[in-house]
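Chain by chain, the residues run as shown.
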Amino acid sequence: MSDMSMRMRTLFITSAAIGTLALAGCGASSSSSPTPTGSPSGTVTLVTHDSYAISDSVLADFTKQTGVTVKINKTGDAAAMVNRAILTKGSPEGDALFGIDNNLLSRGLDSGLFQSYQPSAASQIPQTYQLDPSHTVTPIDHADVCVNYDKTYFTSHNLTVPQTLDDLTKPEYKNLLVVQNPSTSTPGLAFMLATVAKYGQDGFANYWQSLKNNGVKVENSWSVAYDKQFSGGSGKGPYPLVVSYDTSPPASVVYAQNPPKDGIATTGVLTDTCYGQVEFAGVLANAKNPRAAQAFIDFMLTKQYQADLPLQQFVFPVMPDTPLPEVFTKNVTSPEHPFVLPATEVNTNRDAWVQTWTNTVQH
Amino acid sequence: MDQHRPALVRSATFAIPIAFFALFFLYPLVTILLTALGSTANLKQAWAGLTAPVMGDVLWFSVWQAVASTALVMLVAVPGAWVLARFRFPGRSLIEALSVVAFVMPTVVVAAAVTALLGPTGPLRWLVGSHADHGIGAILLAHVYFETAIVLRMVSTYWAQLDTRLEQAAATLGASPWRIFRSVTLPRLRPVLLASASIVFLFTFTSFGIILLLGGPGQVNLEVEIQQQVLFLFNLPTGAALSIVQIIVVVLLLLVSSRLSGRLTPERSQVATPRRPHTTRQHIAVGGFIVGGLALLLLPPLMVVLQAFNTGDGWGWTNFQSLSTSHQGSVLFVPPGQAIGNSLIYACTATVIAIVIGGLVAVGITRTSIRPAVEGVWLLPLGVSAVTLGFGILIAFDSGALAWRGSFWMVPIAQALVAIPFVTRALVPALRAVSPSLRAAAACLGASPLQVFRLIDLPLIWRALVMSAAFAFAISLGEFGATVFVANSDRPTIPVAIYRLLSTPGTANQGQAMALAAILMAMTAAVVLLTERFRLPEQRHV
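Residues numbered from 1 in each chain as written. Chains lettered and ligands numbered in written order. Predicted model: local features only at pLDDT ≥ 70, side-chain atom pairs only at ≥ 80, totals over all residues.

Visitor: Would you take a moment to explain the overall build of chain B for this structure?
Guide: When helices and strands are counted, chain B shows 25 helices and zero strands. Across the 542 residues in chain B, those meeting the buried criterion constitute 52%. (Helix = DSSP H or I, 4+ residues; strand = E, 2+ residues; numbered from the N terminus. Buried ≥ 20, exposed ≤ 12 C-beta atoms within 10 Å, placed from the backbone.)

Visitor: Would you mind going over the overall build of chain A with me for this structure?
Guide: From N to C terminus, chain A includes 13 helices and ten strands. Buried positions account for 56% of the 363 residues belonging to chain A. Within chain A, contacts between residues at least 6 apart in sequence are counted, and of these 78% link residues at least 24 apart. (Contact = placed C-beta atoms within 7 Å.)

Visitor: What is the right way to look at the pairing of strand β5 (residues 138-150) of chain A in this model?
Guide: Within a regular beta strand, the side chains point alternately toward one face of the sheet and then the other, so they alternate between its two faces. All names here are of chain A. β5 sits mainly inside the fold: 13 of its 13 residues count as buried. The sheet contact formed by β5 and strand β9 (residues 267-284) spans eleven bridges and is antiparallel. When the bridges of β9 are listed, Val147 appears paired with Leu270. Strand direction decides the pairing type here: β5 and strand β10 (residues 316-317), joined by two bridges, are antiparallel. The residue bridging Asp141 from the neighbouring strand is Pro317, located in β10. By the bridge criterion, five bridges tie β5 to strand β8 (residues 241-245) in an arrangement that is antiparallel. Its bridge partner lying in β8, Val147 is registered against Val243. (Pairing = 2+ DSSP bridges.)

Visitor: Can you help me understand helix α7 (residues 204-213) of chain A in this one?
Guide: Residue and element names in this part refer to chain A. Along α7, the positions that sit buried rather than exposed are Phe204, Trp208 and Leu211. Down the axis of α7, the smallest arc covering the buried residues is 55°, so these residues share one side. Packing partners of the buried residues in α7 comprise α6 (186-199) and α13 (343-361). Backbone geometry just after α7 places Gly215 at a positive phi near 80°. (Arc of directions from axis to C-beta.)

Visitor: Is there a simple way to think about the environment of Arg500 of chain B in this case?
Guide: By secondary structure assignment, the location of Arg500 of chain B is in helix α23 (residues 494-502). A residue is classified by how many C-beta atoms lie within 10 Å of it, and Arg500 of chain B, with 22 of them, is buried. When the C-alpha atoms of Arg500 of chain B and Leu516 of chain B are compared, they prove to be 12 Å apart, with 16 residues separating the residues in sequence. Sequence-distant contacts of Arg500 of chain B, defined by excluding residues within four places in its chain, comprise Asp50 of chain A together with Pro492 of chain B.

Visitor: Would you take a moment to explain the nonpolar core for this structure?
Guide: The tendency in soluble globular proteins is for nonpolar side chains to be buried as a group. Within the largest apolar cluster, 280 residues are counted, with the highest numbers of intra-cluster contacts made by Ala96 and Phe296 of chain A together with Ala142, Val155, Ala472, Ile498 and Ala517 of chain B. For this core, the element with the highest residue contribution is helix α7 (residues 136-160) of chain B, accounting for 17 residues. Filtering out sequence-adjacent residues up to four positions away, Val155 of chain B remains in contact with Ala77, Val78, Ala81, Val192, Leu193 and Ser196 of chain B. (Core = buried A, V, L, I, M, F, W, Y, C linked by C-beta atoms within 7 Å.)

Visitor: Just checking my understanding: could you explain the packing of helix α8 (residues 165-172) of chain B against helix α9 (residues 177-205) of chain B for this structure?
Guide: Two packed helices can be described by the angle between their axes and the distance between those axes. Residues and elements named next belong to chain B. In the contact formed by α8 and α9, the axes pass within 10 Å of each other and the chain directions differ by 145°. The hand of the α8/α9 crossing is right-handed. For the pair α8 and α9, contact is made by Leu166, Glu167, Ala170 and Ala171 and by Ile180, Val184 and Thr185, respectively. Grouping the constituent residues of the contact of α8 with α9 by class yields five nonpolar, one polar and one charged. (Axes fitted to C-alpha atoms, helices over the stretch in contact; angles between N-to-C directions. Left-handed = near helix turned anticlockwise from the far one by under 90°. Nonpolar A, V, L, I, M, F, W, Y, C, P; charged D, E, K, R; others polar.)

Visitor: Honestly, the confidence of the model for chain A in this entry has me stumped. Any pointers?
Guide: Close reading of the predicted structure is inappropriate where its pLDDT is low. Residue and element names in this part refer to chain A. Across chain A, the average pLDDT comes to 86, with 90% of residues at or above 70. The element-level mean pLDDT for chain A is lowest in helix α1 (residues 2-26), coming to 34, with helix α10 (residues 290-300) highest at 97. Across residues 1-34, where pLDDT falls below 50, the model places 59 contacts with residues more than four positions away in sequence or in other chains. (pLDDT = per-residue confidence, 0-100.)

Visitor: Just checking my understanding: could you explain the confidence of the model for chain B for this structure?
Guide: Residues and elements named next belong to chain B. Predicted confidence across chain B gives a mean pLDDT of 82, with 87% of residues reaching 70 or more. Counted against residues more than four places away or in other chains, residues 536-542, with its pLDDT under 50, gives three contacts. Reported for the predicted complex are a pTM of 0.81 and an ipTM of 0.77.

Visitor: Any chance you could explain the pairing of strand β3 (residues 96-101) of chain A here in plain terms?
Guide: Residues and elements named next belong to chain A. Among the six residues in β3, six count as buried, and that is most of the element. Note that strand β1 (residues 43-48) and β3 share two bridges and pair parallel. Considered in β3, the bridge of Val47 is made with Leu97. Of the pairings in the sheet, the one linking β3 to β9 comprises five bridges and is antiparallel in character. Residue pairing for β9: Ile100 is matched across the bridge by Phe280.

Visitor: Help me understand helix α3 (residues 53-86) of chain B, please; the structure alone is not making it clear to me.
Guide: The end-to-end C-alpha separation of α3 of chain B is 50 Å, in line with the 50 Å expected for 34 residues at 1.5 Å each. Ala77 of chain B marks the point of greatest bend in α3 of chain B, at about 25°, and the proline Pro79 of chain B comes within the next four residues. (Expected span 1.5 Å × (residues − 1). Bend = angle between axes of the 7 residues up to and from the residue.)

Visitor: Looking at this structure, how should I read the packing of helix α5 (residues 107-118) of chain B against helix α13 (residues 280-309) of chain B?
Guide: All names here are of chain B. Between α5 and α13, the shortest axis-to-axis distance is 9 Å and the interhelical angle comes to 95°. Taken together, α5 and α13 sit at an angle that is classed as roughly perpendicular. Side by side, α5 and α13 meet where Val109, Val110, Ala113, Val114, Ala116 and Leu117 of the first sit next to Leu299, Pro300, Met303 and Val304 of the second. Of the residues contributing to the contact of α5 with α13, the split by class is ten nonpolar, no polar and no charged. (Parallel < 35°, antiparallel > 145°, perpendicular 65-115°, else oblique.)

Visitor: Help me understand the environment of Ala68 of chain B in this model?
Guide: By secondary structure assignment, the location of Ala68 of chain B is in helix α3. In the structure, Ala68 of chain B is positioned 133 residues away from Phe201 of chain B in sequence and 9.2 Å away in space, judged by C-alpha atoms.

Visitor: Would you mind showing me how to read unusual backbone geometry here?
Guide: A negative phi holds for most residues other than glycine; trans holds for most peptide bonds. One non-glycine residue, Asp321 of chain A, lies in the positive phi region at around 65°. Residue position: Asp321 of chain A is located in the loop between β10 and α12 (326-331). With a phi angle near 50°, Phe234 of chain B is a residue other than glycine that sits in the positive phi range. For Phe234 of chain B, the position within the fold is in the loop between α11 (222-232) and α12 (236-261). Owing to 21 C-beta atoms within 10 Å, Phe234 of chain B belongs among the buried residues under this scheme.

Visitor: Can you walk me through the environment of Ile355 of chain B in this structure?
Guide: All names here are of chain B. Along the chain, Ile355 falls in helix α15 (residues 336-367). On the basis of neighbour counts, which here come to 22 C-beta atoms within 10 Å, the residue Ile355 falls in the buried class. With 245 residues separating them along the chain, Ile355 and Val110 place their C-alpha atoms 28 Å apart. Filtering out sequence-adjacent residues up to four positions away, Ile355 remains in contact with Val423, Ser468, Ala469 and Ala472.

Structure below.
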């Protein structure tokens, strides 16, 4: 079955390439744009996902420094944004793209979505986040998908907090975990990939069988899982364990109706269950203003921009020694070695893995 | 009728809508289908996707949940339509307004409300048993809540215009009420029952947000599958092939329903005005309708309002007050308050477009001997997946003379595509009811077609026109699917803002989302209640 899926995947990549080539034909130029020179000017349009945010003052400083005005074009969640960008590659909806993550990266690179650009500061980014060997795109931030737990539940039930993926299949944690469907949800997919990384292609189905036997609950969307089913979310549901991000605890403090006085979140993260996600930025092929796009990507690695990221997008900066806000230092320990799979492996096998998952969990 | 210049009238009234439809619907649709399927490799991939074993389950689930939803909606709405058609009672316009509010609520909000009702701590948990806090029960409840309005409105308007003397005659001859309903009323209602049931089927068959948010494992319909293929997996060929399957199902349905139902023209000879209930039985019917209708239509909004005023440690206006402020001084976070303004501007523009185009279609249909099947064509946009059309618009209007992709106008145009069929459906019966002899007389006296329309038709259809404008306004206010693909991200509408807020953790975001939803409901209800004022004087004259 996996053979068949791989063939389908190859077919699909070819067809996507054909499709985009045909589209590029309608556009003004081919995907290899001349290297721009001179100082940036005009307007840069950043294509990004719905979760993007940045402080007023930070953006104003960029315009003051470079004379370039920034326009933001949010075009859906991360997967939708990337697919939409590939589809419109011949006549892109902007100059730079931010928010493509390591799971989607090879789809973007294979279809020639970007023109190569590497800012000089990129050499300082730790190796862990350098997941694009071709250096076409630049890592900007990272956040991990981890199991979150409701502290109150475990204290009041006198129950030890689970630590590892294995723990989640133990009888004392029966009917406590809610996850997302990997075929409909990005964090759901990332968590399934964590189990593939841990138990291997051939073993992860067994793990999910044990989770199923232990009463795992599946939701199609993150918001229903976190806001309705999770006992630590706003809906105060029945499940004290949920798949979410390692930055969800600080986010729940910042966006609380009545923030806790000590600034400590009522939820925590199981750091041994995390799947690493790095978000990248790149200059779009056929960009109208590639020079300004490069300038903006340079700016994304400055201390000012990096330090603004945590409270705006609830992610960790990739540049070392960037100060973190107190709500982060108090509430998150970023996992040192999250599970990660090579992007090409994910792109090749994702459909087959999701199919295996579906056969195991939903039948 | 119009013996003088029928060809001219026909071409003038149809040319504009056809051009509009071809440019903004057919052209992007064909563009995306050709892009996705325009090579042998793509066709092979589409075939592989289409014949995957899971697709059988998807098609089966799409059909059976839509059939079940439609049956339930008809079961709930038809008795309600009878009460609305025949009786006058306190709270009547409130229930009508609430039902339209239901029709235009964003799916994310209804899903949230239904989960709150049926969820682990919900008051209606007993309805679905201990395990099914979501799944098919929740989907059916949400669909009944959404679609009851359209059936209530279509059927009750039609029913009110049926001649009651036939029923009276049958009663005099000794037929039981059930017998009268079955052999006298039902056959005459058949056209409107089929027409409204097919619209409900259309909506529930292509339902997206409700299925995605409330559906459990394995509960995936075609529309959700298309969006997953296109947006999540970037399998455009399979997405396009599934879109074609969906279009075929929808076209077949429309053909069958229009063939069976014939023309939607009530006989309208002696119309009975709604009156107060007399007999005990009638009192029970009306009372049951008020209680049942309020329970169905009031509970979900009530959950929203409760959450909107819940401040975490009590009750108050905090969620509403915080709508005008943006978190953390973030420039890209559009204050939800601004979304209200965007929604109003878009909805007004979309209403004007829908009235002009839908009105022209209605005039064209009534003045020419077009077969009923053609009326169904205008319903097609409802059956086409929003993501398919949205991506089509993205690549069809990307360059050259048609580089309108990011323009303001694309949003109201996309919304109008959804609203046009409703405007047409509301106006056609009204126009048909205008006596042709009046028009003929005016034409004989030398009036131009435009003058005939202005002096004869317009005054007579004024009420239907206002009602359909309100409906179009409400539809575009709540429209989410097309808007999310076409809208410029710096001009989000209320449903888009609600969706964004619900996708972020934190009780404050949840509270703001519910506050915005409450505002959307209040706006819709206000519009509908306002138009009720146009209703009463006219009814007295009839």
